[in-house]
Amino acid sequence: MKFSSVARVSVVAAITALALTSCAANEGSPSSSESASGAPASSLSGELVGVGASSQGTAQTTWAAGFQTANEKVTVNYDPSGSGAGRKAFIAGGAAFAGSDSALSDEELAGTFGTCAADTKAIDIPVYISPIAVIFNVDGVKDLNLDAATLAGIFSGKITQWNDAAITALNPDAKLPDAKINAVHRSDASGTTKNFADYLNQNAPDVWTEKPADDFPFQGGEGAQGTSGVVDAVTNGTNMIGYADASRAGKLGVVKVKVGDKFVGYSAEAAAAVVAESPLVDGRGANDLAIKLDRKTTDASHYPIVLVSYAIACETYKDPAQGTLVKAYLDYITSDAGQKAAAEKAGNAPLSADLSKKVATAVASIK
(Lines give C-alpha, C1' and ligand atoms only; values in the text may rest on other atoms or scores of the structure.)
Protein backbone atom coordinates (compact mmCIF):
# COMPACT_ATOMS: atom_id res chain seq x y z
CA MET A 1 0.00 0.00 0.00
CA LYS A 2 1.25 3.47 -0.83
CA PHE A 3 0.27 6.84 0.58
CA SER A 4 -0.11 9.65 -1.93
CA SER A 5 1.70 12.90 -1.31
CA VAL A 6 -1.20 14.83 -2.76
CA ALA A 7 -1.52 18.10 -0.86
CA ARG A 8 -4.86 19.12 -2.35
CA VAL A 9 -7.56 16.59 -3.10
CA SER A 10 -9.22 16.97 -6.46
CA VAL A 11 -10.33 14.76 -9.27
CA VAL A 12 -7.23 15.53 -11.32
CA ALA A 13 -4.93 14.83 -8.37
CA ALA A 14 -6.61 11.57 -7.51
CA ILE A 15 -6.59 10.34 -11.09
CA THR A 16 -2.95 11.35 -11.46
CA ALA A 17 -2.10 9.46 -8.28
CA LEU A 18 -3.88 6.43 -9.67
CA ALA A 19 -2.01 6.61 -12.96
CA LEU A 20 1.39 7.04 -11.37
CA THR A 21 1.01 4.52 -8.53
CA SER A 22 3.62 1.82 -8.60
CA CYS A 23 2.59 -1.80 -8.55
CA ALA A 24 5.77 -2.78 -6.75
CA ALA A 25 3.75 -4.42 -3.99
CA ASN A 26 2.57 -6.96 -6.54
CA GLU A 27 5.74 -7.49 -8.56
CA GLY A 28 6.96 -11.06 -8.69
CA SER A 29 3.47 -12.56 -8.44
CA PRO A 30 3.23 -16.09 -9.80
CA SER A 31 1.85 -16.26 -13.34
CA SER A 32 0.43 -19.72 -12.85
CA SER A 33 -3.08 -20.51 -11.67
CA GLU A 34 -1.83 -20.74 -8.09
CA SER A 35 -0.57 -18.05 -5.72
CA ALA A 36 2.77 -18.19 -3.91
CA SER A 37 1.02 -19.84 -0.96
CA GLY A 38 -0.31 -22.63 -3.16
CA ALA A 39 -3.93 -21.46 -2.82
CA PRO A 40 -6.02 -20.86 -5.93
CA ALA A 41 -5.05 -17.52 -7.44
CA SER A 42 -7.53 -14.65 -7.21
CA SER A 43 -9.16 -13.54 -10.45
CA LEU A 44 -9.28 -9.92 -9.24
CA SER A 45 -6.97 -7.35 -10.78
CA GLY A 46 -6.63 -3.60 -10.99
CA GLU A 47 -6.03 -0.58 -8.81
CA LEU A 48 -8.21 0.71 -6.02
CA VAL A 49 -7.90 4.30 -4.75
CA GLY A 50 -9.29 5.47 -1.42
CA VAL A 51 -8.97 8.90 0.20
CA GLY A 52 -9.95 9.91 3.69
CA ALA A 53 -9.51 9.85 7.43
CA SER A 54 -5.96 10.01 8.73
CA SER A 55 -7.14 8.02 11.75
CA GLN A 56 -7.75 5.08 9.39
CA GLY A 57 -4.14 5.16 8.21
CA THR A 58 -2.78 2.25 10.24
CA ALA A 59 -5.89 0.14 9.71
CA GLN A 60 -5.86 0.79 5.95
CA THR A 61 -2.19 -0.18 5.74
CA THR A 62 -3.00 -3.42 7.55
CA TRP A 63 -6.07 -4.17 5.43
CA ALA A 64 -4.34 -3.39 2.14
CA ALA A 65 -1.46 -5.71 2.99
CA GLY A 66 -3.81 -8.58 3.82
CA PHE A 67 -6.00 -8.01 0.78
CA GLN A 68 -3.07 -7.72 -1.63
CA THR A 69 -1.55 -10.92 -0.27
CA ALA A 70 -4.72 -12.78 -1.19
CA ASN A 71 -5.23 -10.83 -4.44
CA GLU A 72 -1.77 -10.41 -5.92
CA LYS A 73 -2.89 -8.54 -9.04
CA VAL A 74 -4.64 -5.80 -7.06
CA THR A 75 -3.00 -2.64 -5.73
CA VAL A 76 -4.75 -0.65 -3.00
CA ASN A 77 -3.74 2.97 -2.42
CA TYR A 78 -5.08 5.09 0.43
CA ASP A 79 -4.36 8.81 0.85
CA PRO A 80 -4.94 9.84 4.52
CA SER A 81 -5.84 13.46 3.75
CA GLY A 82 -8.66 13.67 6.28
CA SER A 83 -12.34 12.75 6.40
CA GLY A 84 -13.55 15.93 4.74
CA ALA A 85 -11.03 15.66 1.92
CA GLY A 86 -11.95 12.02 1.41
CA ARG A 87 -15.65 12.71 1.05
CA LYS A 88 -14.96 15.59 -1.36
CA ALA A 89 -12.72 13.41 -3.52
CA PHE A 90 -15.25 10.59 -3.59
CA ILE A 91 -18.16 12.92 -4.40
CA ALA A 92 -16.14 14.49 -7.22
CA GLY A 93 -15.30 11.09 -8.71
CA GLY A 94 -11.62 11.07 -7.76
CA ALA A 95 -11.70 8.03 -5.47
CA ALA A 96 -13.38 4.63 -5.51
CA PHE A 97 -14.19 4.90 -1.80
CA ALA A 98 -13.76 7.36 1.05
CA GLY A 99 -12.64 6.70 4.59
CA SER A 100 -14.48 8.99 7.00
CA ASP A 101 -14.92 9.34 10.74
CA SER A 102 -18.27 11.00 10.11
CA ALA A 103 -21.07 9.78 7.87
CA LEU A 104 -22.29 11.64 4.82
CA SER A 105 -24.47 14.61 5.71
CA ASP A 106 -28.02 15.03 4.42
CA GLU A 107 -26.72 17.81 2.17
CA GLU A 108 -24.04 15.56 0.70
CA LEU A 109 -26.53 12.76 0.11
CA ALA A 110 -28.85 15.15 -1.69
CA GLY A 111 -26.20 15.75 -4.35
CA THR A 112 -24.67 13.54 -7.00
CA PHE A 113 -21.64 11.26 -6.80
CA GLY A 114 -19.10 11.25 -9.61
CA THR A 115 -18.04 7.64 -9.04
CA CYS A 116 -21.56 6.23 -8.85
CA ALA A 117 -23.96 5.21 -11.59
CA ALA A 118 -26.57 7.78 -12.56
CA ASP A 119 -29.54 8.10 -10.19
CA THR A 120 -27.83 6.06 -7.46
CA LYS A 121 -26.45 7.19 -4.13
CA ALA A 122 -23.58 6.39 -1.79
CA ILE A 123 -23.87 4.42 1.44
CA ASP A 124 -22.07 4.65 4.78
CA ILE A 125 -20.59 1.34 5.94
CA PRO A 126 -19.06 1.10 9.45
CA VAL A 127 -15.59 -0.46 9.37
CA TYR A 128 -14.53 -0.06 12.99
CA ILE A 129 -15.23 1.67 16.29
CA SER A 130 -12.65 3.77 18.09
CA PRO A 131 -12.57 5.79 21.30
CA ILE A 132 -11.22 9.33 21.01
CA ALA A 133 -8.60 10.06 23.65
CA VAL A 134 -8.12 13.50 25.17
CA ILE A 135 -4.34 13.55 25.36
CA PHE A 136 -2.24 15.87 27.50
CA ASN A 137 1.32 16.80 28.34
CA VAL A 138 1.31 19.04 31.43
CA ASP A 139 4.27 19.74 33.68
CA GLY A 140 4.01 17.73 36.91
CA VAL A 141 0.64 16.15 36.10
CA LYS A 142 0.25 12.42 35.55
CA ASP A 143 -3.49 12.02 36.06
CA LEU A 144 -6.20 14.40 34.93
CA ASN A 145 -9.97 14.27 35.42
CA LEU A 146 -12.27 16.50 33.36
CA ASP A 147 -15.98 16.73 32.68
CA ALA A 148 -17.68 17.78 29.47
CA ALA A 149 -18.31 21.38 30.53
CA THR A 150 -14.67 21.89 31.52
CA LEU A 151 -13.40 20.29 28.31
CA ALA A 152 -15.75 22.51 26.34
CA GLY A 153 -14.42 25.55 28.19
CA ILE A 154 -10.82 24.58 27.48
CA PHE A 155 -11.22 23.93 23.76
CA SER A 156 -13.53 26.90 23.15
CA GLY A 157 -11.01 29.21 24.81
CA LYS A 158 -13.14 30.14 27.82
CA ILE A 159 -10.79 28.38 30.28
CA THR A 160 -7.20 29.45 29.68
CA GLN A 161 -5.12 28.50 32.76
CA TRP A 162 -4.28 25.05 34.08
CA ASN A 163 -4.99 26.11 37.67
CA ASP A 164 -8.43 27.47 36.80
CA ALA A 165 -10.96 26.79 39.55
CA ALA A 166 -13.03 24.50 37.30
CA ILE A 167 -10.03 22.21 36.71
CA THR A 168 -8.72 22.24 40.28
CA ALA A 169 -12.16 21.34 41.62
CA LEU A 170 -12.06 18.12 39.59
CA ASN A 171 -8.40 17.39 40.48
CA PRO A 172 -7.93 18.32 44.17
CA ASP A 173 -4.78 16.21 44.54
CA ALA A 174 -3.05 17.32 41.34
CA LYS A 175 -0.28 19.94 41.28
CA LEU A 176 -1.66 21.98 38.41
CA PRO A 177 0.73 24.67 37.16
CA ASP A 178 -0.09 28.36 37.01
CA ALA A 179 0.45 28.23 33.27
CA LYS A 180 -1.39 28.86 30.03
CA ILE A 181 -3.35 25.99 28.49
CA ASN A 182 -2.13 25.20 25.00
CA ALA A 183 -5.07 23.42 23.36
CA VAL A 184 -4.48 21.71 20.02
CA HIS A 185 -7.25 21.03 17.50
CA ARG A 186 -7.37 19.67 13.96
CA SER A 187 -6.73 22.33 11.32
CA ASP A 188 -8.16 20.15 8.54
CA ALA A 189 -11.76 19.01 8.03
CA SER A 190 -11.87 16.08 10.43
CA GLY A 191 -14.44 13.51 11.46
CA THR A 192 -12.55 13.22 14.75
CA THR A 193 -13.28 16.89 15.39
CA LYS A 194 -16.96 16.40 14.54
CA ASN A 195 -17.29 13.48 16.94
CA PHE A 196 -15.43 15.28 19.73
CA ALA A 197 -17.59 18.38 19.19
CA ASP A 198 -20.73 16.25 19.18
CA TYR A 199 -19.82 14.85 22.60
CA LEU A 200 -19.26 18.36 23.97
CA ASN A 201 -22.42 19.76 22.38
CA GLN A 202 -24.61 16.92 23.67
CA ASN A 203 -23.26 17.15 27.22
CA ALA A 204 -22.39 20.85 27.61
CA PRO A 205 -24.55 22.77 25.10
CA ASP A 206 -24.40 26.00 27.12
CA VAL A 207 -20.61 26.05 26.70
CA TRP A 208 -20.11 24.33 23.33
CA THR A 209 -22.75 26.27 21.44
CA GLU A 210 -21.64 25.48 17.89
CA LYS A 211 -23.21 22.73 15.79
CA PRO A 212 -20.84 19.76 15.44
CA ALA A 213 -18.94 19.89 12.15
CA ASP A 214 -15.73 18.62 10.56
CA ASP A 215 -14.18 22.08 10.86
CA PHE A 216 -13.12 23.28 14.31
CA PRO A 217 -15.45 26.19 15.08
CA PHE A 218 -13.53 28.47 17.46
CA GLN A 219 -10.69 30.91 16.98
CA GLY A 220 -7.54 30.56 19.05
CA GLY A 221 -5.69 27.50 20.20
CA GLU A 222 -3.23 25.68 17.97
CA GLY A 223 -4.27 23.95 14.76
CA ALA A 224 -2.47 20.85 13.51
CA GLN A 225 -2.84 18.82 10.33
CA GLY A 226 -4.09 15.28 10.74
CA THR A 227 -4.01 12.89 13.67
CA SER A 228 -0.20 12.74 13.61
CA GLY A 229 0.01 16.54 13.67
CA VAL A 230 -2.07 16.78 16.84
CA VAL A 231 -0.12 14.00 18.55
CA ASP A 232 3.22 15.57 17.59
CA ALA A 233 2.15 19.00 18.84
CA VAL A 234 1.03 17.66 22.21
CA THR A 235 4.13 15.48 22.54
CA ASN A 236 6.63 18.20 21.71
CA GLY A 237 4.95 21.18 23.36
CA THR A 238 4.58 22.40 26.95
CA ASN A 239 1.37 22.28 28.99
CA MET A 240 -0.56 20.87 26.02
CA ILE A 241 -3.91 19.18 25.53
CA GLY A 242 -5.51 17.77 22.37
CA TYR A 243 -7.77 15.03 21.04
CA ALA A 244 -6.95 12.11 18.76
CA ASP A 245 -7.87 8.57 17.83
CA ALA A 246 -7.04 6.60 20.97
CA SER A 247 -4.82 4.16 19.07
CA ARG A 248 -2.36 7.04 18.60
CA ALA A 249 -2.19 8.19 22.24
CA GLY A 250 1.08 6.33 22.87
CA LYS A 251 2.77 7.33 26.13
CA LEU A 252 0.97 10.65 26.48
CA GLY A 253 -1.27 11.35 29.45
CA VAL A 254 -4.92 10.54 28.78
CA VAL A 255 -7.81 12.36 30.46
CA LYS A 256 -10.43 10.45 32.42
CA VAL A 257 -13.84 11.89 31.56
CA LYS A 258 -16.79 12.14 33.90
CA VAL A 259 -19.56 9.66 33.18
CA GLY A 260 -22.33 9.73 35.76
CA ASP A 261 -20.58 10.10 39.12
CA LYS A 262 -17.28 8.51 38.07
CA PHE A 263 -14.25 9.41 35.97
CA VAL A 264 -13.48 6.78 33.35
CA GLY A 265 -10.69 6.14 30.91
CA TYR A 266 -11.20 4.91 27.39
CA SER A 267 -11.34 1.30 26.33
CA ALA A 268 -12.45 -0.40 23.15
CA GLU A 269 -15.19 -2.23 25.03
CA ALA A 270 -16.54 0.91 26.70
CA ALA A 271 -16.62 2.73 23.36
CA ALA A 272 -18.36 -0.16 21.63
CA ALA A 273 -21.02 -0.20 24.35
CA VAL A 274 -22.11 3.33 23.37
CA VAL A 275 -22.38 2.38 19.71
CA ALA A 276 -24.40 -0.75 20.52
CA GLU A 277 -27.06 1.36 22.24
CA SER A 278 -27.28 4.05 19.54
CA PRO A 279 -29.83 4.00 16.68
CA LEU A 280 -29.28 4.35 12.96
CA VAL A 281 -29.85 7.77 11.43
CA ASP A 282 -33.46 8.12 10.27
CA GLY A 283 -34.45 8.55 6.64
CA ARG A 284 -31.51 6.77 5.00
CA GLY A 285 -31.50 3.95 2.48
CA ALA A 286 -31.86 0.38 3.68
CA ASN A 287 -28.13 -0.31 3.36
CA ASP A 288 -26.88 3.04 4.69
CA LEU A 289 -25.65 2.32 8.22
CA ALA A 290 -24.91 5.81 9.54
CA ILE A 291 -25.25 5.73 13.34
CA LYS A 292 -26.66 8.52 15.50
CA LEU A 293 -24.47 8.25 18.58
CA ASP A 294 -26.10 8.89 21.96
CA ARG A 295 -23.33 10.30 24.15
CA LYS A 296 -25.38 11.27 27.21
CA THR A 297 -24.86 8.00 29.04
CA THR A 298 -24.41 8.01 32.82
CA ASP A 299 -23.25 4.38 32.82
CA ALA A 300 -19.60 4.33 33.89
CA SER A 301 -19.02 1.14 31.90
CA HIS A 302 -19.45 3.30 28.76
CA TYR A 303 -17.01 5.77 27.17
CA PRO A 304 -18.95 8.46 25.30
CA ILE A 305 -16.17 10.12 23.28
CA VAL A 306 -16.29 7.57 20.50
CA LEU A 307 -16.35 7.55 16.74
CA VAL A 308 -17.60 5.11 14.15
CA SER A 309 -15.28 5.08 11.16
CA TYR A 310 -16.94 4.48 7.81
CA ALA A 311 -16.09 3.38 4.32
CA ILE A 312 -18.25 5.38 1.93
CA ALA A 313 -19.04 3.53 -1.28
CA CYS A 314 -21.49 3.60 -4.16
CA GLU A 315 -24.66 1.53 -4.23
CA THR A 316 -23.85 0.98 -7.92
CA TYR A 317 -20.64 2.03 -9.66
CA LYS A 318 -20.35 3.59 -13.10
CA ASP A 319 -17.45 1.21 -13.70
CA PRO A 320 -18.54 -2.35 -12.80
CA ALA A 321 -14.89 -3.40 -12.42
CA GLN A 322 -14.38 -0.78 -9.71
CA GLY A 323 -17.56 -1.95 -8.03
CA THR A 324 -16.24 -5.51 -7.97
CA LEU A 325 -12.94 -4.40 -6.38
CA VAL A 326 -14.59 -2.17 -3.78
CA LYS A 327 -17.07 -4.88 -2.85
CA ALA A 328 -14.29 -7.46 -2.42
CA TYR A 329 -12.10 -5.08 -0.42
CA LEU A 330 -14.88 -4.00 1.95
CA ASP A 331 -15.93 -7.62 2.35
CA TYR A 332 -12.40 -8.39 3.54
CA ILE A 333 -11.95 -5.44 5.90
CA THR A 334 -15.30 -6.05 7.59
CA SER A 335 -14.75 -9.83 7.84
CA ASP A 336 -13.62 -11.50 11.05
CA ALA A 337 -10.07 -11.71 9.66
CA GLY A 338 -9.97 -8.06 8.64
CA GLN A 339 -11.44 -6.86 11.92
CA LYS A 340 -9.00 -8.97 13.93
CA ALA A 341 -6.05 -7.62 11.94
CA ALA A 342 -7.10 -4.00 12.53
CA ALA A 343 -7.67 -4.64 16.23
CA GLU A 344 -4.18 -6.13 16.60
CA LYS A 345 -2.27 -3.57 14.50
CA ALA A 346 -4.28 -0.37 14.97
CA GLY A 347 -6.05 -0.91 18.29
CA ASN A 348 -9.52 -0.42 16.79
CA ALA A 349 -12.58 -1.98 18.40
CA PRO A 350 -14.12 -4.58 16.08
CA LEU A 351 -17.73 -4.31 15.00
CA SER A 352 -20.29 -6.07 17.18
CA ALA A 353 -21.87 -9.30 15.96
CA ASP A 354 -25.19 -7.55 15.36
CA LEU A 355 -23.65 -4.66 13.44
CA SER A 356 -21.43 -7.05 11.48
CA LYS A 357 -24.52 -8.81 10.10
CA LYS A 358 -25.97 -5.50 8.89
CA VAL A 359 -22.61 -4.53 7.40
CA ALA A 360 -22.33 -7.84 5.54
CA THR A 361 -25.75 -7.25 3.97
CA ALA A 362 -24.79 -3.70 2.96
CA VAL A 363 -21.50 -4.79 1.40
CA ALA A 364 -23.20 -7.61 -0.50
CA SER A 365 -25.57 -5.05 -2.06
CA ILE A 366 -22.76 -3.10 -3.79
CA LYS A 367 -22.77 -3.42 -7.58
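Here the structure is shown first, and the text comes after it.
Values in this document were obtained by computation on a predicted structure and should not be read as measured data. (Residues numbered from 1 in each chain as written. Predicted model: local features only at pLDDT ≥ 70, side-chain atom pairs only at ≥ 80, totals over all residues. Heavy atoms only, no water.)

Enquirer: Hey, could you run me through the pairing of strand β8 (residues 240-245) in this one?
Expert: If a strand is regular, its side chains alternate between the two faces of the sheet. Burial within β8 is extensive, with 6 of its 6 residues counted as buried. In the sheet, strand β4 (residues 122-137) pairs with β8 via 6 bridges, with the strands oriented antiparallel. In the strand pairing of β8, Val-134 is matched with Tyr-243. Relative to β8, strand β6 (residues 182-186) runs parallel, the two being bridged by 2 bridges. Paired with Ala-183 across the bridge in β8 is Ile-241. (Buried < 20%, exposed > 50% of the residue type's maximum accessible area, 1.4 Å probe, protein only. Helix = DSSP H or I, 4+ residues; strand = E, 2+ residues; numbered from the N terminus. Pairing = 2+ DSSP bridges.)

Enquirer: For this particular structure, what's the right way to read the pattern of salt bridges?
Expert: Pairing between side chains of opposite charge can happen when their charged atoms approach one another. All told, the structure shown has 8 salt bridges when counted by the stated rule. A salt bridge links Asp-354 to Lys-358; the shortest N-O distance between them is 3.7 Å. Of this pair, Asp-354 and Lys-358 both sit in helix α12 (residues 353-364), 4 residues apart, roughly one helical turn. Linked by salt bridges that have partners in common, Asp-106, Asp-124, Arg-284 and Asp-288 make up one network. (Salt bridge = Lys/Arg side-chain N within 4 Å of Asp/Glu carboxyl O.)

Enquirer: Help me understand the layout of surface pockets in this model?
Expert: Leftover empty space is mapped by rolling, across the atoms, a probe with the size of a water molecule. Of the volumes computed, that of the largest pocket is approximately 730 Å³. Around the largest pocket sit 26 residues that line it, and Ala-103, Leu-104, Ser-105, Lys-194 and Arg-284 are the ones nearest its centre. Counting residues per element, the ones that place at least two in the lining of the largest pocket are α4 (106-109), α7 (191-203) and β12 (306-314). For the lining of the largest pocket, the element with the most residues is α7, which contributes 4 residues. Considered class by class, the residues forming the lining of the largest pocket number 10 nonpolar, 4 polar and 12 charged. (1 Å grid on protein atoms, 1.4 Å probe; cavity = no way out; pocket = protein on both sides within 12 Å on 5 of 7 lines; lining within 4 Å. Points joined across faces, edges and corners; volume = space filled by probe spheres on them. Nonpolar A, V, L, I, M, F, W, Y, C, P; charged D, E, K, R; others polar.)

Enquirer: Just checking my understanding: could you explain the packing of aromatic side chains for this structure?
Expert: For any pair of aromatic rings, geometry is given as the distance between the ring centres together with the angle between the planes. Within the structure shown, the criterion is met by 13 aromatic pairs. Between Trp-208 and Phe-218 the ring centres are 4.8 Å apart and the planes differ by 80°, which places this aromatic pair in the edge-to-face class. Taken as a pair, Trp-208 in the loop between α7 and β7 (222-224) and Phe-218 in the loop between α7 and β7 lie far apart in primary sequence, 10 residues in all. Using a relative accessible area of 1% as the deciding quantity, one classes Trp-208 as buried. Among the aromatic residues, ring-to-ring pairing joins Phe-67, Tyr-78, Phe-97, Tyr-329 and Tyr-332 into one connected group. (Phe/Tyr/Trp six-rings, centres within 6.5 Å; stacked < 30°, edge-to-face > 60°.)

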